[in-house]
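Letter by letter, the chains look like this.
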Amino acid sequence: MNRVLIASVLALLLIPGTMVYGQETPPVPPEGFDRVADVPHGAIQLVTYPSKTVGVDRRAVVYTPPGYSKEQKYPVLYLLHGIGGTEWEWVHGGHPEIILDNLIAEKKAVPMVVVMPNGRAMKDDRVGGNPFTRERIEAFATFERDLLDDLIPYIEKNFSVLTDKDNRAIAGLSMGGGQTLNFGFGHLDTFAWIGSFSAAPNSKKPEELVPDPEAVKKNVKLIWISCGDNDNLIHISKRTYEYLKENDVPCQFFATPGGRHDFREWKANLYNFAQLIFK
Ligand code: FER
């Protein structure tokens, strides 16, 4: 009897997609998950949108899934880069288009649009020189308004997408992981799926981030927080997870064994997160 009980509890903990607490090992992507395969391919395009927030036209890279058609409406993942990146960082470093094409072909992820903006909301948002200047750090916070007031409306006007919160996800790496936590928990009416990969210290303190745990429980469908256990930013993810746990907010938390602050970690995160959203 005891054994049956233990086995059921273990099985429950190991079912992917189940809302659980705890520090498990994240599923390791299979060989070839990030290699171009003989499957239908989506497309990558660069778009320009007018930003009232910054006062200039800004750029974002958009992935549309294989067979993208105006006859259908798709959910949207907003995928954010790190402190040294631009709108191209994910595509150059992580090839989300390959990961998504493969997952969609296997029916492990639903066809979705992925929007990769430049999260440094300032007139000159290029990189070079010191990425840590006060102006640049502030621009990562300013992006909250650019995303909500300028980019999301542009995407919803120009692409065939679903526009309710249950069909909008936000995820990001490092500085973008911090933005994901801040903007995701800050706008429970806008995003129902939150994926924070190796979140940086721009993340708000947990009490400030989640002042109303009950509202999060009611509105958010998935919180995924992951960080390499060798990453010196692990304390940020941990403190967030611990606070959520203390407040009974379901969260998938992973400290990747040996994981580091690079695209090996973030590609695996995207591979796992993309399979859980919009379901
Ligand atoms: C910090 C350390 C790292 C920080 C940001 C980062 C704002 C971001 C790293 C990244 O995006 O890769 O102290 O402060």
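Provided above is the structure to which this section pertains.
Here we summarise the structure given alongside this text. The structure presented is a predicted model; accordingly, all values stated were derived computationally and were not measured.

1. What about the overall build of the chain?
- Looking only at helices and strands, the chain has nine helices and nine strands in total.
- For 279 residues, the compact-globule estimate of 2.2 N^0.38 gives 19 Å, and the C-alpha radius of gyration of the chain, at 18 Å, lies within 12% of that figure.
- For the C-alpha atoms alone, the extent of the chain along its principal axes is close to 65 × 45 × 35 Å.
- Sequence separation of at least 24 residues holds for 76% of the intrachain contacts in the chain that already meet a minimum separation of 6.

2. A short note on the packing of helix H4 (residues 134–158) against helix H5 (residues 175–186)
- Following both chains from N to C, one finds H4 and H5 inclined at 45°, their axes separated by 11 Å at the closest point. In this view, H4 runs oblique relative to H5, as classed from their interaxial angle. Here the hand of the crossing between H4 and H5 comes out right-handed. Across from Ile137, Phe140, Ala141, Phe143, Glu144 and Leu147 in H4, the residues of H5 making contact are Met175, Gln179 and Phe183.
- Class assignment of the residues belonging to the contact of H4 with H5 gives a composition of seven nonpolar, one polar and one charged.

3. Brief notes about the site of the ligand
- Taken together, Gly82, Ile83, Phe132, Ile137, Ser174, Met175, Ala200, Pro201 and His261 make up the full set of residues adjacent to the ligand.
- Here the ligand loses 74% of its free accessible area of 370 Å² to cover by the protein chains.
- Here the residues of the shell around the ligand sort into six nonpolar, three polar and no charged.

4. A short note on H4
- In a regular helix each residue adds 1.5 Å, so 25 residues correspond to 36 Å; H4 covers 34 Å between its end C-alpha atoms and thus fits that length.
- The sharpest bend along H4 measures roughly 50° and falls at Leu147.

5. Comments concerning a negative patch on the surface
- Negative charge collects at one region of the surface, where Glu207, Glu208, Glu242 and Glu246 lie side by side.
- Assignment of secondary structure puts Glu208 in helix H6 (residues 206–209).
- Relative accessible area serves as the criterion here: at 53%, Glu208 is assigned to the exposed category.

6. Notes on the pattern of salt bridges
- A complete count under the given rule lists 15 salt bridges for this structure.
- Put simply, Arg35 and Glu31 hold a salt bridge, and the shortest N to O gap is 2.7 Å.
- By relative accessible area, which is 71% here, Glu31 ends up exposed.
- Salt-bridge contacts for Arg126 lead to Asp125; the nearest nitrogen and oxygen are separated by 3.1 Å.
- Arg126 gets classed as partly exposed once you look at its relative accessible area, which sits at 28%.
- Asp125 gets classed as buried once you look at its relative accessible area, which sits at 8%.
- Salt bridges sharing partners connect three or more residues here, namely Arg58, Arg59, Glu87, Asp125, Arg126 and Asp146.

Rules of the game
Residues numbered from 1 in each chain as written. Predicted model: local features only at pLDDT ≥ 70, side-chain atom pairs only at ≥ 80, totals over all residues. Heavy atoms only, no water. Helix = DSSP H or I, 4+ residues; strand = E, 2+ residues; numbered from the N terminus. Rg over C-alpha atoms; globule rule 2.2 N^0.38 Å. Contact = heavy atoms within 4.5 Å. Axes fitted to C-alpha atoms, helices over the stretch in contact; angles between N-to-C directions. Parallel < 35°, antiparallel > 145°, perpendicular 65-115°, else oblique. Left-handed = near helix turned anticlockwise from the far one by under 90°. Nonpolar A, V, L, I, M, F, W, Y, C, P; charged D, E, K, R; others polar. Near = heavy atom within 4 Å. Areas by Shrake-Rupley, 256 points an atom, 1.4 Å probe, with all protein chains shown as cover. Expected span 1.5 Å × (residues − 1). Bend = angle between axes of the 7 residues up to and from the residue. Patch = residues over 30% accessible without salt bridge, like charges linked within 9 Å, V, L, I, M, F, W, Y side chains within 5 Å. Salt bridge = Lys/Arg side-chain N within 4 Å of Asp/Glu carboxyl O. Lys, Arg positive; Asp, Glu negative; His and termini not counted. Charge placed at Lys NZ, Arg CZ, Asp CG, Glu CD. Buried < 20%, exposed > 50% of the residue type's maximum accessible area, 1.4 Å probe, protein only.

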